[in-house]
Every structure is written in C-alpha cells, then in structure tokens.
Amino acid sequence: MAQDEKVRVPDAAEAARRARFGALPERVRLADTVEGKPATVLDPARNAYNDDEWLVRTCV
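Residues take numbers from 1 onward in each chain, read along the sequence in its written order. With the structure being a predicted model, the display of local features is reserved for residues of pLDDT at least 70 and the display and counting of side-chain atom pairs for 80 or more, all residues being used for whole-chain, interface and lining totals. Processing note: side-chain calculations cover all non-hydrogen atoms of the structure and skip hydrogens and water entirely.

Draft legend 1. Up close: the overall build of the chain. The secondary structure listing takes helices from DSSP runs of H or I that are at least 4 residues long and strands from runs of E that are at least 2 residues long, numbered from the N terminus. Per the secondary structure count, the chain includes two helices and zero strands. Here the chain, with 60 residues, has 2% of them falling under the buried criterion. Methods summary: accessible areas were calculated by the Shrake-Rupley approach with a probe of 1.4 Å, and residue burial reflects only the protein chains presented. Surface accessibility of the chain: about 7000 Å² in total, with carbon and sulfur atoms responsible for 55%. Type-normalised accessible area, obtained with a 1.4 Å probe on protein chains alone, sets the label of each residue: buried when under 20%, exposed when over 50%, and partly exposed for intermediate values.

Draft legend 2. Structural context of a nonpolar patch on the surface. Think of a patch as exposed residues, more than 30% relative accessible area, with no salt bridge, where like charges cluster within 9 Å and nonpolar side chains (Val, Leu, Ile, Met, Phe, Trp, Tyr) cluster within 5 Å. Salt bridge criterion: a side-chain nitrogen from Lys or Arg within 4 Å of a carboxyl oxygen from Asp or Glu. There is a patch of nonpolar side chains on the surface, built from Tyr49, Trp54, Leu55 and Val56 and spanning about 490 Å² of accessible area. Mapped onto the secondary structure, Trp54 falls in helix α2 (residues 53-59).

Draft legend 3. Quick look at the pattern of salt bridges. Under the counting rule described, the total for this entry stands at two salt bridges. Across the pair Glu14 and Arg18 runs a salt bridge whose closest N-O atoms are separated by 3.8 Å. A residue pair is termed a helical-turn pair when its members lie 3 or 4 positions apart in one helix, as Glu14 and Arg18 do in helix α1 (residues 12-21) at four residues. Assessed through its relative accessible area of 12%, Glu14 is described here as buried. Across the pair Asp32 and Arg29 runs a salt bridge whose closest N-O atoms are separated by 3.2 Å. Using a relative accessible area of 56% as the deciding quantity, one classes Arg29 as exposed.

Dropping the structure here:
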C-alpha cells in the first residue's frame, strides 16, 4: 500500500444505510398487482334522462 492511500473504515451510519437500502426489493409479479371483481348489472333507472330535471335545477 502506498502512503497516500487511506484505508476506509465504514461507520455505523453507513452500515445501517447499507442494511436498509443495500439491496433491491423483491420483484412483484404482474399477476399479484391485478384485482378481479365481478361486473355488476347496470341500473337503467340510474342513468335515465328526465325531461323536467333542468327545470328543477334552474328554477327552484
């Protein structure tokens, strides 16, 4: 070893950082990120057009 080279000693903070962030997390499979739900039947009365609705909203 040359005289100009310094021996690097890891400190406690660096050791803690490496323990926490030193490796990448496990890969998540695409199948684990998708949630399946059964479709519900649409209610035709919910989206029905009401001719008098604009009167109630604007005049009342």
